[in-house]
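# Notes for the structure review
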Amino acid sequence: MSEDMNSTGQMKPDGTIVTASNPGELSPIEAAIMDACNGLHEARERGDQGSFDALCASLTRLLAAYDETDGENHPNSAWSRPNQRALAFSAMGKIQDAVRAELIALKYADTPRRREISLGNLADRCLRLGDAELAVGYFLEAIEANPQSVPVLITGAAALFRAGHHDEADSIFLAMLGSPGLLETGTELTAYLAFDPNVRAMRGRLSGLDALYAAWETQERSGGAQ
Amino acid sequence: MKTHDHDAFWARYDREVRPIVERACQTASRLHSDSTMDPGDMAAWAHTRVWKMLENGTFPTFHDDPSVDQAIDRLTTHAGILARWSYLALSRRHWKRLERETASDLSRVEHLSVTKRADAEIEHREAVDEALAKVRETLSDSVRQKLAASLQDKSERRRAAMALGATRREDDRLMNQIDAGVFKENTVQQMRSRARKHASEALGASVRLPLIVLAAMLAMLLATPVAEAGEQSGGRKGTGMSAPITLVAEPIVCGIETGGSDEQTGRILRAGMARGEQSGGRGPKPG
């Protein structure tokens, strides 16, 4: 039984989303893995066991194909293979396995971008394991690698919020509010506001986040009316 | 109806007809839309319709120049029909809106598959930097060093040290000493315990969960996972891969709705769904 199943066999609610800074840079299998992971996270949120099982089987085949092609000739397959495997484990609800795999990836993260991704993902998973303090630690490292990363900042805000640093968490959302370009359609920030159940869960508890939602919704309405 | 009777009509309409129409709209909303359609919207539509019929003297209420009594009687008797009309008039827009609000599997996965980093950057991040510096100060170097160095699993110590930023020469020396068994196990245990306590205190009294270092985290599953924020997938700048390649010879997914995207060219998942097989190749890497 995977970690996301409780004793009665029901799936635990444990949602997150996977994004890429530029989907065009993903290889075909990486893109498919990302889609499958997002499908799996959603299936788990909805308690859709049929989709969950089918997507797990698909993901396993995709990972096998990715390994067989040495990460589709990724320039740093020592990093990309465990990184992709960690994404899959995470989506399957095997969060400890995901942490283990991502730590291996981190060891080979040879660029600030790869370091940002691995550390940010570790922060996300530590939160899902209930360890907000360690998540804050990983977040601080990730944001050193890329101070402008929206996914890392949002993960960090969530970690800070969970660790009791509400003002610091809200300062991140206020800074985003002051940068209207981040709210353009199809950007990472709008994806998080729209789909990440955990960002939505902080709504109503942080004034900056509430203002950010209001700005986004106003923009969506005016865009939809055009 | 004569124009000079309109005021009397509306006075009686508000008093006698309006409540009946509103109740009829509530019933219609419950029967036809599982109460998802707003009865207030329906009633507003019905009142507007009555106003238009009166202004234009049209069928079926005002076409034969009725008295106020007759008009009120007709509207009271046929309030249910007015409610039904309002449902029919609003239903198309209503169901479309509901459809938009209920995101399907397809829309979320598709949306995320084309999500991109914004061109814009955070403009005024001084407050963020200040806040993070404050948080960073609470996690001192010595705590990071001890957290990494005191991991139970030796093989994880170096990785943890890198992740936690415990990469100074003295951090390395401490880990070497622990690896070499210079310290007794009890001493290492105490170091771990103190480091956790220190970090918990540093991060604030509101922190309820104990600080678990990596080895412990890997070894023990804590309480019910609490999901937060999101993950990122990597990529490879400049490799320019675009054509789908043969990976899986069967439909990849069954049991979940996925669909096409006009942005991503290599979406194996959706391609597998759509065509049931994969074929093709990948051109040589540029450069």
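Quick caveat, the model's predicted, so the values are computed rather than measured.

### With respect to the overall build of chain B
The number of helices and strands found in chain B is twelve helices and one strand. Scanning chain B from its N terminus toward the C terminus, one meets helices and strands in the order α-α-α-α-α-α-α-α-α-α-α-β-α. Counted over contacts in chain B with a minimum sequence separation of 6, partners at least 24 positions apart contribute 61%. Surface summary for chain B: the accessible area is close to 15700 Å², and the carbon and sulfur share equals 51%.

### Looking at the side chain of S233 of chain B
By the secondary structure assignment, S233 of chain B is in the loop between β1 (231–232) and α12 (268–275). In this structure S233 of chain B comes out as buried when scored by relative accessible area, which is 0%. One polar contact links S233 of chain B to Q84 of chain A, side chain to side chain, over a distance of 3.3 Å. In this structure S233 of chain B touches V18, T19, A20, L26, M34, Q84, L87, R113 and I117 of chain A, once residues within four positions along its chain are discounted.

### What to know about helix α8 (residues 150–162) of chain A
All names here are of chain A. In a regular helix each residue adds 1.5 Å, so 13 residues correspond to 18 Å; α8 covers 18 Å between its end C-alpha atoms and thus fits that length. Most of α8 is tucked away, with twelve of its 13 residues classed as buried. If you check the start of α8, you find a side-chain oxygen 3.3 Å away from the backbone N of V152, and it comes from S149. Two residues or fewer past α8, G164 is found with a positive phi of approximately 95°.

### Some remarks on the packing of aromatic side chains
On inspection of all chains with the given rule, the structure shows five aromatic pairs over all chains. Ring geometry for F9 of chain B versus Y13 of chain B: centroids 5.8 Å apart, planes at 40°, classification tilted. With a gap of four residues between them, F9 of chain B and Y13 of chain B both fall in helix α1 (residues 6–33), about one helical turn apart. Residue classification places F9 of chain B among the buried positions, given a relative accessible area of 0%. By relative accessible area, which is 0% here, Y13 of chain B ends up buried. For R203 of chain A, the ring lying beneath its charged end belongs to Y213 of chain A, and the centroid distance is 4.1 Å.

### Considering the nonpolar core
Within the largest apolar cluster, 59 residues are counted, with the highest numbers of intra-cluster contacts made by F139, M176, L189, L193 and L209 of chain A. Two domains share this core, each providing at least three of its residues, namely domain 1 (15–108) and domain 2 (111–226) of chain A. Other than its neighbours up to four places away in sequence, L209 of chain A contacts D170, F173, L193, V199, M202 and R203 of chain A. Formed by 25 residues, the second largest nonpolar core is a distinct cluster that contains V17, A28, A43 and M53 of chain B.

### Points about the confidence of the model for chain A
It should be kept in mind that the predicted coordinates are not to be read in detail where pLDDT is low. Considering every residue of chain A, the mean pLDDT works out to 88; 92% of them sit at 70 or more. Every residue in residues 1–13 of chain A scores below 50 in pLDDT, and together they form 35 contacts with partners more than four places removed in sequence or on other chains.

### Looking at the environment of I172 of chain A
Residues and elements named next belong to chain A. With respect to the helices and strands, the residue I172 is situated in helix α9 (residues 166–177). Its relative accessible area of 1% is what places I172 among the buried residues. Separated by 14 residues in the primary sequence, I172 and A158 have C-alpha atoms spaced 10.0 Å apart.

### Quick notes on helix α5 (residues 95–107) of chain A
In this model α5 of chain A runs 18 Å from its N-terminal to its C-terminal C-alpha over 13 residues, within 8% of the 18 Å that 1.5 Å per residue would give. Within the sequence span of α5 of chain A, burial applies to I95, Q96, A98, V99, A101, E102, L103, A105 and L106 of chain A.

Cut-offs used in this document
Residue numbers run consecutively from 1 along every chain, following the written order of its sequence. Starting at A for chains and at 1 for ligands, labels are handed out in the order in which the entities are written. Reporting of local features is limited, given that this is a predicted model, to residues whose pLDDT is at least 70; pairs of side-chain atoms are given and counted only at 80 or more, and all residues count toward the totals for whole chains, interfaces and linings. Side-chain calculation: all heavy atoms of the structure are included, whereas hydrogens and water are not. Secondary structure elements follow DSSP: runs of H or I of four or more residues count as helices, runs of E of two or more count as strands, with numbering from the N terminus. Any two residues having at least one pair of non-hydrogen atoms within 4.5 Å are treated as being in contact. All accessibility values rest on the Shrake-Rupley procedure with a 1.4 Å probe; residue burial counts only the protein chains present in the view. With a 1.4 Å probe rolled over the protein chains alone, any residue whose accessible area is under 20% of its type maximum counts as buried; one over 50% counts as exposed, and the rest are partly exposed. We define a polar contact as two N or O atoms separated by no more than 3.5 Å, with the added condition that, inside protein, one atom must be a possible hydrogen donor and the other a possible acceptor, whereas residues neighbouring each other in sequence contribute only through side-chain atom pairs. Multiplying one less than the number of residues by 1.5 Å gives the expected span of a helix. Here a pair means two rings of Phe, Tyr or Trp (six-membered ring of Trp) with centres within 6.5 Å. Their orientation is stacked below 30 degrees between planes, edge-to-face above 60, and tilted elsewhere. In our convention, an over-ring charge means Lys NZ or Arg CZ found within 6 Å of a ring centre and within 35 degrees of that ring's normal. Nonpolar cores are built from buried Ala, Val, Leu, Ile, Met, Phe, Trp, Tyr and Cys residues. Side-chain atoms within 4.5 Å join them into one set. Domain boundaries shown here were taken from an automatic or database domain assignment. Note: pLDDT gives the predictor's confidence per residue, expressed from 0 to 100.

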